[in-house]
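Chains, contacts and geometry: an overview
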Amino acid sequence: VPSTIYDTVRDLRQARGLRLGAMQRKLPPIHFVLLYVLGFLELLAFPLLGAGTASMSRENTVLAIQALFFGAMCGAIVMTLQVIYELWKPFGGAYTVDTVLAKMVRGLEDELRVRSELPGGMLGREKTR
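Parameters at a glance
- Residues numbered from 1 in each chain as written.
- Predicted model: local features only at pLDDT ≥ 70, side-chain atom pairs only at ≥ 80, totals over all residues.
- Heavy atoms only, no water.
- Helix = DSSP H or I, 4+ residues; strand = E, 2+ residues; numbered from the N terminus.
- Buried < 20%, exposed > 50% of the residue type's maximum accessible area, 1.4 Å probe, protein only.
- Contact = heavy atoms within 4.5 Å.
- Areas by Shrake-Rupley, 256 points an atom, 1.4 Å probe, with all protein chains shown as cover.
- Phe/Tyr/Trp six-rings, centres within 6.5 Å; stacked < 30°, edge-to-face > 60°.
- Salt bridge = Lys/Arg side-chain N within 4 Å of Asp/Glu carboxyl O.
- Polar contact = N/O pair within 3.5 Å; in protein donor to acceptor, adjacent residues only side chain to side chain.
- pLDDT = per-residue confidence, 0-100.
- Expected span 1.5 Å × (residues − 1).

This brings us to the overall build of the chain. The helix and strand tally for the chain stands at 5 helices and 0 strands. Counted from the first residue to the last, the chain has its helices and strands arranged as α-α-α-α-α. Residues classed as buried in the chain amount to 13% of the 129 residues present. Look at the contacts in the chain between residues 6 or more apart in sequence, and 58% of them connect residues 24 or more apart. Accessible surface, the chain as shown: approximately 10200 Å² in total, 67% of it carbon and sulfur.

Here the focus is the packing of aromatic side chains. What the rule picks out here adds up to 2 aromatic pairs. Their ring planes at 85 degrees and their centres at 6.3 Å tell us that Phe32 and Tyr85 sit as a pair that is edge-to-face. Taken together, the residues Phe32 in helix H2 (residues 29-56) and Tyr85 in helix H3 (residues 61-88) connect sequence positions 53 residues apart. The interplanar angle of 35 degrees and the centroid separation of 5.4 Å between the aromatic rings of Phe46 and Phe70 together place this pair among those described as tilted. Here Phe70 lies in helix H3 and Phe46 lies in helix H2, a separation of 24 residues in the sequence.

Another point: the pattern of salt bridges. Oppositely charged side chains are able to pair whenever their charged atoms sit close together. In this structure the tally under the stated criterion is 4 salt bridges. Linking Asp110 and Arg113 is a salt bridge whose minimum nitrogen-to-oxygen distance equals 2.4 Å. Of the two residues, Asp110 and Arg113 are both situated in helix H4 (residues 98-116); the distance of 3 residues between them amounts to about one turn of the helix. Residue class for Asp110 comes out partly exposed when judged on its relative accessible area of 34%. Residue class for Arg113 comes out partly exposed when judged on its relative accessible area of 44%. Glu111 is the partner of Arg115 in a salt bridge, and the nearest nitrogen-oxygen pair spans 2.6 Å. Of the two residues, Arg115 and Glu111 are both situated in helix H4; the distance of 4 residues between them amounts to about one turn of the helix.

As for its placement among the helices and strands, Thr8 is situated in helix H1 (residues 2-23). Within the local environment of Thr8, its side chain forms a polar contact with the side chain of Glu111, the two groups lying 2.9 Å apart. Within the structure, Thr8 has its side chain in polar contact with the side chain of Arg115 (distance 3.5 Å).

This part takes up the side chain of Glu42. Assignment of secondary structure puts Glu42 in helix H2. Looking at Glu42, the relative accessible area reads 6%, which means it is buried. Excluding its chain neighbours within four sequence positions, the residues that come into contact with Glu42 are Pro47, Phe70, Met73, Cys74 and Ile77.

Turning our attention to the confidence of the model for the chain. Summarising the model, the chain shows a mean pLDDT of 78, and 80% of its residues fall at 70 or more. Within the chain, H3 carries the highest mean pLDDT (85), whereas helix H5 (residues 125-128) carries the lowest (48).

So, about H2. If you check H2, its first and last C-alpha atoms are 41 Å apart, about what 28 residues at 1.5 Å a residue would give, namely 40 Å. Taken together, the buried positions of H2 are occupied by Phe32, Leu35, Gly39, Glu42, Phe46 and Gly50. Taken together, the buried residues of H2 touch H3.

As structure tokens, this is what we get:
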């Protein structure tokens with residue numbers, strides 16, 4: 001029985017270490033500021049550059065190509081920002097530890113319930129004495 005207790009404590013410590021390590025990998029807030037600045041500059045500069053290019057060109061296809069690029073760049077910035085934001089917060093998002101933590105706690109509760117139902121008590125000390 002002591003080996004199972006040791007294994008359980010070791011597994012808990014490893015899981016705790018992994019969880020704390022994952023939570024400490026947060027990005028600094030400056031990354032979010034820089035992404036917002038990049039998005040703002042894109043929204044500001046791209047239409048102006050497109051208007052300037054359209055006034056110099058006689059073909060209308062230039063605006064269609066620039067609209068496609070503008071949409072792709074806006075989509076890429078928003079997707080990057082959303083993924084980074086989801087990774088930044090450890091609870092309540094798409095990439096969270098909530099489900100793993102709930103499963104681990106449920107397993108510990110089941111194990112404690114089984115150990116408490118043993119005839120010798122939780123640790124089985126009465127059997128060894």
